[in-house]
Amino acid sequence: MSKTTADSPAETPRADPAGDDQDLGAAGSQLSTAPVETAMPGSFGGSRRPGLTGWLAWTGREVLGWARWFWRQLTSMRVALMLLFLLSLGAVPGSLIPQSGTDALKVSEFQDAHKTLGPIYQKLGLFHVYGSAWFGAIYVLLFVSLIGCIIPRTWQFVGQLRGRPPGAPKRLNRLPAYATWRTAAEPDEVREVALQALKKRRFRAHVAGDAVAAEKGYLRETGNLLFHLALIVMLIAFAWGQLFKSEGDKLIVEGDGFSNTLTQYDDFKSGNLFSDDDLVPFSFNLKNFIGTYERTGPNRGTPSTFQADITYSLGAYGKSEKHTIKVNEPLEIGDSKVYLVSHGYAPVVTVRDGKGNVVFHQAVPMLPIDSNVTSQGAIKVLDGYKNAQGVSEQLGFAALFVPTYAKGSGTMFSQYPGLDYPVLNVTGYHGDLGVNSGIPQNVYQLDTKNLKQFKTAKGAILKSQLLPGETMTLPNGAGSITFDKQIKEWAGFQVVQQPGTTWALAGALTAIVGLAGSLFIQRRRVWVRATRGADGVTVVEMAGLGRSESAKLPEELGDLAALVHDRAPTKTDEAPAKTDEAPAKTDEGSTKSDTGSTKSDRGSAKSDGAPVKPDAGSTKSETGSPTPAAGSARSDEASVKSKPGSPTPSTGSTKTADAPKTADAPKSNDDPKTPTTSDADTHDSDSGVEPPVPAEGAEK
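All figures in this text were calculated on a predicted structure; none of them were measured in a lab.

> I would appreciate a short explanation of the overall build of the protein in the present structure.
Regarding its fold elements, the protein presents eleven helices and 27 strands. For the protein, the residues scored as buried account for 39% of the 700 residues in total. When contacts within the protein are restricted to residue pairs at least 6 apart in sequence, those whose partners lie at least 24 apart make up 65%. For the protein, the accessible surface area stands at approximately 39,400 Å², while carbon and sulfur atoms represent 55% of it.

Here's what the structure looks like:
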C-alpha cells in the first residue's frame, strides 16, 4: 500500500487546461458559501447606440451595473470587517469623552475647561457619540452588510445540504492528499467497502460512477452562518435596548419608601423611544440596612456584609412581600431590576428657633467622600423659622460627618467606616437659600451666595463638632441645632429597565460557538475510485481535498485508506520464499546441498513453452501469501510467479494461467534416480513430513 502524501505545488503534475482543470474545479466547488470578491470594473454600459434611446439604455445599464457592484462590495467580508472595526473605533470617544446622556455636568465642565476643543467636539457629536449621525450610519451599514451577506449564503448552504457531493475528478493524483494500491478484490466490492467505511466516519457518501464521493465538515459553514446570525441578533438587541431603556437612581433612608414614578427619582435617563407608560408599577420601603466591615488584617475596612431588607408590592394594590437586596443580587420585578449600589449615614438633626419651637427634625443623608465613609452634606431649614426679631428667614448648615473620629488628630477624617466614634461638624448660615428662584439646586450642597454666616460674640465663624446628643446654640437668640443620638443609614438603589439583554447574551454565546466551529472544523471531500487495470488487477485510488491546507487531511485520508485496505488488501508480485529447513536425503535419490534444490521427476510444469523445475518449496498465491508444498525442501534459487488471476497452485505442482497441463511418462521404480514410494514414505515418516501429492496428470 502506498503512503498517503500531501503534494506540494512543485510536485503537482500539469493538467490539461480544457479537461482536468475544469473537472477539478467542479470537484472543489462549493466548499464555501463566501461571496466571490470582484474587482472594480471599467464600465457596465458596454457599447452605446447613437441617439437618445441608446444613451438612456446605456445609462440604465451603467447605473444598474454599478448598483450591483456596490451591493457586492457592501456584502463582502472585507467591507463587513472594515465596518465592524469602524464601529469599535467610533465607540472609543464614547468611553473617553464625557457624554451628555450620562453626565451632563461633566460635559459642561469639559466645555468650560476647553474653549477650543469644546465647540469642535460639539459639532462632531463627540458628546453624544451613540446618538450621532455618523455612528448611526456605521451601525446601519454594518447591519445591512450582515443581512445581505447571510441571506444568500444561507440559501446556498441549504442547497448544498440537499444536494450530494460532486463526483471524483479525472486525475485524483493532482489533489493535495493521495493514496493508491492494487488489490485482488473486485471494484464493486472495493466501492462498497469504501462506502461503509466513509459512512462509519460520518461522511455523506454515495457512489458516483466508478468512484465513491464523500464530504464532511458541514458544521464549519453552519458555524460561520451562526456567527453572522448572532452578530445580527446582537445588533438588534443592543439597538432595541438603547431605544427603550430607562435608568434611574434613588437614595432612600431607613424607614422611607419609593414608588416607581418619574417624580420619585433623584436622577433619571431613558432611550429615545421610552415613554412613562413603560415603567413597571411597583413600590418598596427600606426597612433596615446592614453593613459590616473587616476590623483587622490587610482588608480592614472592607465591607463584609452589604444588604438591604425591604418590603415591596407590585401595582397599587399588590400584596406586600419581604425581600433582601444584596450587591449583584437585584430585585427583579417584571422587566425592571433594582440594584443596591451605594450606602451612607444619615444623622438625625433637630433645629429649634429662638422660642424653642422645633422647625426641623429629620435624618439628613451625608454623601461619602472616601472609603472610610467620611461624609459631607447640607442641612436646609426652608420654612417655619423666624429669627429673634420675628422675621422669616431660612437656615442652612454645612455639615461634615465622620463615623469614627480620630481623637486628638484635629482633622475631620474617618479612620473606619463603622460607627465607632461618630462626630458631626456643622457651620451655620442664615438668609436666603435660593430655593424659590426656580433654579434647580443640589440638595447635598449649600449655596452660600445669599447667606450670612453665624458668628460668635468675638466675631469668629460659628462652627462646632458635636457628639450624639450635643447641641450648638446659635448667637443672638437665633435658636439651636442638636445632633440626636439616633443615626440612621441610607441605601442607594438603581432601577434599570433595559429590554433585549437576554437576546444580546444569547447572541454573544451563539457567536462564540459559531466562531469556534468555523475555526476548528475543516470541511473536506474524499473520493475512492476502484477500476480494473490493463492486467486485470483492481487499482484503488483515494484522494482528499479541503478548503485550506491542513496536515490533518492526509492523516485522515491515511486512516480511511487503512480501513479500506483491511477489507481489500494489497496484491503484490510473488517473491521466492525462504526456509530454514535442511534438504531431505533419500537412499535412492540425492539432494544437492550446495544449491538447496531437490530434483523430482514425479511432476513437472511448463511456463511459456520452457520446462520449469519447481521448487520443492512454495509458490505464492494470488494474495501474495506463500503456500508451502508438503514434504518438499525449499530453495532460494528457483521460484515460479503465478500470473494475476491464477488460482492457488495445488500441492506438489505449479500451474500458470497460460500453460497447459502436462503429464510425464511413467517411470519404473527401478530407476535409481527416482525414489520408490516405500522409500519416500519411509523417509517422510522418519522426518515427520507427509509425502507430496502427485501433480495432476502424472501417473504413480
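Read on for the rest.
> Explain the nonpolar core here, please?
Within soluble globular proteins, side chains that are nonpolar generally end up buried alongside one another. Ranked by size, the top nonpolar core spans 28 residues in total, and within it Val351 and Ile379 carry the most contacts. Mapped by element, the contributors of at least two residues to this core are β12 (336–352), β13 (358–363), β15 (375–381), β16 (394–402), β17 (423–431), β20 (471–474) and β21 (479–497). Among the elements that take part in this core, β16 stands out by supplying four residues, more than any other. If sequence neighbours within four positions are ignored, valine 351 has contacts with Asn357, Val358, Val359, Phe360, Val381, Leu395, Phe397, Ser480 and Ile481.

> What's the story with the packing of aromatic side chains in this structure? I'm lost.
One pair of aromatic rings is described through two measures. These are the centre distance and the angle between the planes. Evaluation of the coordinates by the stated rule reveals 20 aromatic pairs. When the ring of phenylalanine 157 is compared with that of tyrosine 218, the centres are 6.4 Å apart and the planes differ by 50°; the resulting orientation is tilted. Residue phenylalanine 157 is found in helix α6 (residues 133–162), and its partner tyrosine 218 is found in helix α8 (residues 218–244); the two are separated by 61 residues along the sequence. Note on tyrosine 218: relative accessible area 10%, which makes it buried. These aromatic residues form a ring-pair network of at least three members: Phe258, Tyr265, Phe268, Phe274, Phe282, Phe284 and Phe493.

> Can you help me understand the packing of helix α3 (residues 77–96) against α6 in this one?
Any two packed helices are characterised by how steeply their axes cross, that is the angle between the axes, and by the distance between the axes. The N-to-C vectors of α3 and α6 enclose an angle of 150°; their axes lie 9 Å apart at closest approach. When the axis of α3 is compared with that of α6, the two are roughly antiparallel. Once α3 is placed against α6, the crossing between them reads as left-handed. Touching Met77, Ala80, Leu83, Leu84, Leu86, Leu87, Gly90 and Ala91 of α3 are Trp134, Phe135, Ile138, Tyr139, Leu141, Leu142, Ser145 and Arg153, all from α6. Of the residues contributing to the contact of α3 with α6, the split by class is 13 nonpolar, two polar and one charged.

> Would you mind going over the packing of helix α7 (residues 187–200) against helix α10 (residues 552–567) with me for this structure?
Remark: α7 packs on α10, axes separated minimally by 9 Å, with the N-to-C direction vectors making an angle of 135°. In terms of their interaxial angle, α7 and α10 are classed as oblique. For the element pair α7 and α10, the recorded crossing hand is right-handed. Every residue of α10 that contacts α7 at Glu189, Val190, Val193, Ala194, Gln196, Ala197 and Leu198 is listed here: Leu560, Leu563, Val564 and Arg567.

> I would appreciate a short explanation of the sheet that holds strand β8 (residues 282–293) in the present structure.
Strand pairing in a sheet relies on backbone hydrogen bonds. The paired strands run either parallel or antiparallel. If you walk across this open sheet you meet the four strands as β6-β8-β9-β10, and the pairing is antiparallel. Two strands lie at the open edges of the sheet, namely β6 (257–259) and β10 (321–326), each paired on one side alone. Sheet twist, expressed as the mean angle between neighbouring strand axes with direction ignored, is 30°. The pairing of β8 with strand β9 (residues 303–314) spans eleven bridges and is antiparallel. Note that in β9 the partner of phenylalanine 282 across the bridge is leucine 314.

> Would you mind showing me how to read the side chain of glutamine 160 here?
Tracing the backbone shows glutamine 160 in helix α6. Glutamine 160 gets classed as buried once you look at its relative accessible area, which sits at 5%.

> In this structure, what is going on with the confidence of the model for the protein? I would like to understand it.
Note that predicted coordinates carrying low pLDDT should not be read in detail. Across the protein, the average pLDDT comes to 78, with 75% of residues at or above 70. Here residues 6–22 scores under 50 on pLDDT; set against residues more than four positions off or in separate chains, the count is 21 contacts. Between residues 577–700, whose pLDDT stays under 50, and residues either more than four places distant or in other chains, the model counts 144 contacts.

Cut-offs used in this document
- Residues numbered from 1 in each chain as written.
- Predicted model: local features only at pLDDT ≥ 70, side-chain atom pairs only at ≥ 80, totals over all residues.
- Heavy atoms only, no water.
- Helix = DSSP H or I, 4+ residues; strand = E, 2+ residues; numbered from the N terminus.
- Buried < 20%, exposed > 50% of the residue type's maximum accessible area, 1.4 Å probe, protein only.
- Contact = heavy atoms within 4.5 Å.
- Areas by Shrake-Rupley, 256 points an atom, 1.4 Å probe, with all protein chains shown as cover.
- Core = buried A, V, L, I, M, F, W, Y, C linked by side-chain atoms within 4.5 Å.
- Phe/Tyr/Trp six-rings, centres within 6.5 Å; stacked < 30°, edge-to-face > 60°.
- Axes fitted to C-alpha atoms, helices over the stretch in contact; angles between N-to-C directions.
- Parallel < 35°, antiparallel > 145°, perpendicular 65-115°, else oblique.
- Left-handed = near helix turned anticlockwise from the far one by under 90°.
- Nonpolar A, V, L, I, M, F, W, Y, C, P; charged D, E, K, R; others polar.
- Pairing = 2+ DSSP bridges.
- pLDDT = per-residue confidence, 0-100.

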